[in-house]
Amino acid sequence: MDFLTLAKKRYACRQYSDRKVEPEKLKIILEAGRVAPTAVNFQPQRIVVVESEEGIARLARCTRDFKPACALIVCADYREAWVRKYDGKNHADIDASIVTDHMMLQATELGVDSLWICMFRPEVVKAEFGLPEGVEPVNILLLGYGEGEVPSADRHSTMRKPLEETVVVEHF
């Protein structure tokens, strides 16, 4: 499957079956995150894999409970991230998001559905999952097998702004 087809196939899955993500698929998804590019290749990402019922219940205390088979809490160690010298911008969030995107698209290619979550209580995530000092949760990627109707890959023609509204050439 070509990349654009894959990207259009991905959707935000909000309803999951009880079917577990196979360990071999999870390993491939995590490997896609490992090889994702990060600023200056500093690799500040730290990923907490949550698969147990108890872990999913703890996650439900941090965010809305979609009852996924698996969740990846994508964190960043801000002490290990590249910082742009001109303005001091720390790239930890960007790196963690690139890692999340690679894992999300790899999951799609493997037939595993996902939901990228940013709406969570960071302090509760830190407490529930014992994140060490300096490691902050950035994204949560839910994984599993969806139930319900899968949206059409053609939905982007009506649900997304046309390129002319989001792209300029040479100068704003």
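Cut-off values and rules
Residues numbered from 1 in each chain as written. Predicted model: local features only at pLDDT ≥ 70, side-chain atom pairs only at ≥ 80, totals over all residues. Heavy atoms only, no water. Helix = DSSP H or I, 4+ residues; strand = E, 2+ residues; numbered from the N terminus. Buried < 20%, exposed > 50% of the residue type's maximum accessible area, 1.4 Å probe, protein only. Phe/Tyr/Trp six-rings, centres within 6.5 Å; stacked < 30°, edge-to-face > 60°. Lys NZ or Arg CZ within 6 Å of the ring centre and 35° of its normal. 1 Å grid on protein atoms, 1.4 Å probe; cavity = no way out; pocket = protein on both sides within 12 Å on 5 of 7 lines; lining within 4 Å. Points joined across faces, edges and corners; volume = space filled by probe spheres on them. Nonpolar A, V, L, I, M, F, W, Y, C, P; charged D, E, K, R; others polar.

Draft legend 1. Expanded view of the environment of Ala57. Here Ala57 shows up in helix α3 (residues 53-60). Overall, Ala57 belongs to the partly exposed group, its relative accessible area being 39%. In the structure, Ala57 is positioned 42 residues away from Gln15 in sequence and 16 Å away in space, judged by C-alpha atoms.

Draft legend 2. The packing of aromatic side chains, seen in detail. Per the stated rule, a full pass over the model turns up zero aromatic pairs. Here the guanidinium or amino end of Arg19 rests over the ring plane of Tyr145, the centre of that ring lying 3.6 Å away.

Draft legend 3. Layout of the layout of surface pockets. Here the largest pocket defines a volume of roughly 200 Å³. What lines the largest pocket is a set of 13 residues, among which Lys20, Glu53, Ile56, Lys67 and Pro68 lie closest to the centre. Here the residues of the lining of the largest pocket are counted per class, giving six nonpolar, one polar and six charged.

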